[in-house]
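Okay, here's what each chain looks like letter by letter:
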Amino acid sequence: MPKSFLRIVIASVLLLAGFILVTSLHQNTICANSLSCEESLNLSVDNGETGVFEGQKITPPTIDLAAKENTTQVLGEADSTGEKHIYVDLAAQTLTAYNGETMVMQVPVSTGRWGKTPTGEFTIWKKIRATKMSGGSGADYYYLPNVPYVMFFSNSQVAASRGFSFHGAYWHNNFGHTMSHGCVNMRTIDAEKLYNWIGEDLSNVKITIHD
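Criteria and cut-off values
- By convention here, each chain's residues receive numbers from 1 onward along its written sequence.
- Residue-level local features of this predicted model are given only where pLDDT is at least 70; pairs of side-chain atoms are given and counted only at 80 or more, and the full residue set underlies all totals for whole chains, interfaces and linings.
- Each side-chain value is derived from all of the structure's non-hydrogen atoms; neither hydrogens nor water enter the calculation.
- By nonpolar core we mean a set of buried residues, namely Ala, Val, Leu, Ile, Met, Phe, Trp, Tyr and Cys, connected to one another through side-chain atoms within 4.5 Å.
- Each residue gets one of three labels from its accessible area relative to the maximum for its type: buried under 20%, exposed over 50%, partly exposed in between, using a 1.4 Å probe on protein chains only.
- A run of H or I in DSSP counts as a helix once it spans at least four residues, and a run of E counts as a strand once it spans at least two, with each numbered from the N terminus.
- Contact criterion: two residues are considered in contact whenever any of their non-hydrogen atoms come within 4.5 Å of each other.
- In short, DSSP must find at least two bridges between two strands for them to pair.
- We define a salt bridge as a side-chain nitrogen of Lys or Arg found within 4 Å of a carboxyl oxygen belonging to Asp or Glu.
- The criterion for an aromatic pair is that two Phe, Tyr or Trp rings (for Trp, the six-membered ring) have centres within 6.5 Å, with stacked assigned to planes under 30 degrees apart, edge-to-face to planes over 60 apart and tilted to the rest.
- Working rule: Lys NZ or Arg CZ, within 6 Å of ring centre, within 35 degrees of ring normal, means a charge sits over the ring.

(A) Structural context of the nonpolar core. Ile 86, Leu 95, Phe 166, Met 186 and Leu 194 are the most contacted members of the largest nonpolar core, which totals 30 residues. Looking at this core, the elements with two or more residues in it are strand S3 (84-89), strand S4 (94-99), strand S5 (102-108), strand S6 (120-135), strand S7 (142-154), strand S9 (184-186), helix H2 (188-198) and strand S10 (205-210). Here this core takes five residues from H2, the largest share from any one element. Contact partners of Met 186, with chain neighbours within four places excluded, come to Leu 95, Met 105, Val 107, Val 109, Phe 166, His 167, Gly 168, Ala 169, Phe 175, Ala 191 and Leu 194.

(B) Quick look at H2. For H2, every residue scored as buried is listed here: Asp 190, Ala 191, Glu 192, Leu 194, Tyr 195, Trp 197 and Ile 198. Of the residues flanking the end of H2, it is Gly 199, one or two places downstream, whose phi is positive at about 70 degrees.

(C) Summary view of the pairing of S6. Here S6 pairs with S10 via three bridges, running antiparallel. The residue of S10 that forms the bridge with Glu 121 is Thr 208. Bridging between S6 and S7 involves 10 bridges; their strand directions are antiparallel. In the sheet register, Gly 135 faces S7, and the bridge partner there is Tyr 142.

(D) Inspection of unusual backbone geometry at higher detail. Despite not being glycine, Glu 54 shows a phi value in the positive range, around 50 degrees. Within the secondary structure, Glu 54 is located in the loop between strand S1 (51-53) and strand S2 (56-58). Relative accessible area serves as the criterion here: at 42%, Glu 54 is assigned to the partly exposed category. Notably, Gln 93 is not glycine yet its phi reads approximately 55 degrees, a positive angle.

(E) Looking closely at the pattern of salt bridges. Under the definition given, this model contains four salt bridges. For the salt bridge of Asp 46 with Lys 132, the shortest nitrogen-to-oxygen distance reads 3.8 Å. In this pair, Asp 46 sits in the loop between helix H1 (3-29) and S1 while Lys 132 sits in strand S6, placing the two residues 86 residues apart along the sequence. Note on accessibility: Asp 46 and Lys 132 belong to one class, buried. Taking the shortest distance from any N to any O, the salt bridge between Asp 190 and Arg 187 comes out at 2.6 Å. You can call Asp 190 buried: its relative accessible area is 3%.

(F) Highlighting the environment of Gly 100. Relative to the helices and strands, Gly 100 resides in the loop between S4 and S5. By relative accessible area, which is 38% here, Gly 100 ends up partly exposed. It is 5.2 Å that separates the C-alpha atoms of Gly 100 and Glu 83, two residues lying 17 residues apart in sequence.

(G) How the structure looks around the packing of aromatic side chains. For the coordinates displayed, the defined rule picks out nine aromatic pairs. Here the aromatic residues Phe 53, Trp 114, Tyr 170 and Trp 171 are joined through ring pairs into a cluster of three or more. Directly above the aromatic system of Tyr 195 lies the positively charged group of Lys 127, at a separation of 4.1 Å from the ring centroid. The positively charged end of Arg 129 is found above the aromatic ring belonging to Tyr 149, 4.0 Å away from the centroid.

Here it is in structure tokens:
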């Protein structure tokens, strides 16, 4: 085999390996709802700002952190000490929550259209009352202040820094169909119920997301 041909083969293999590595790293670091992979992870309240989604201006909800939260047991009288398990069915676009063996909630959701919602077993690592989410470009650009009732989830394969979460969505009403960049969009009233039901003991909550 001529040395020149061998060098070409080796160079081609190295180029392909580099491309695969870069693609893999990109897929493993892409953010669910933030250009910086940091913006949406912190509490942020921006009352009076205007949101943008699919080229339309959107009025975000006003959030008052000093107001007393509604802690009514809206999900029934299930034993709050039992294990809490949340199932997201990507094919059916539904979220179902169980307290032990008792189903306490089943609602339509909107998962990833522009970015895939990850599948697997997850845990909640952080809850925040509201944050800002932005990303995309051109017709896909979005800027969404005051995203309410955010519950971040992760596992050993999907880093917390990628920002996948359950949260309320005020910018569309197309629940039951994919509409997100990877997060699990919920009607605000449903997100509030889930947020309150999860409570403060995050170690007692398991999540299963499946196709």
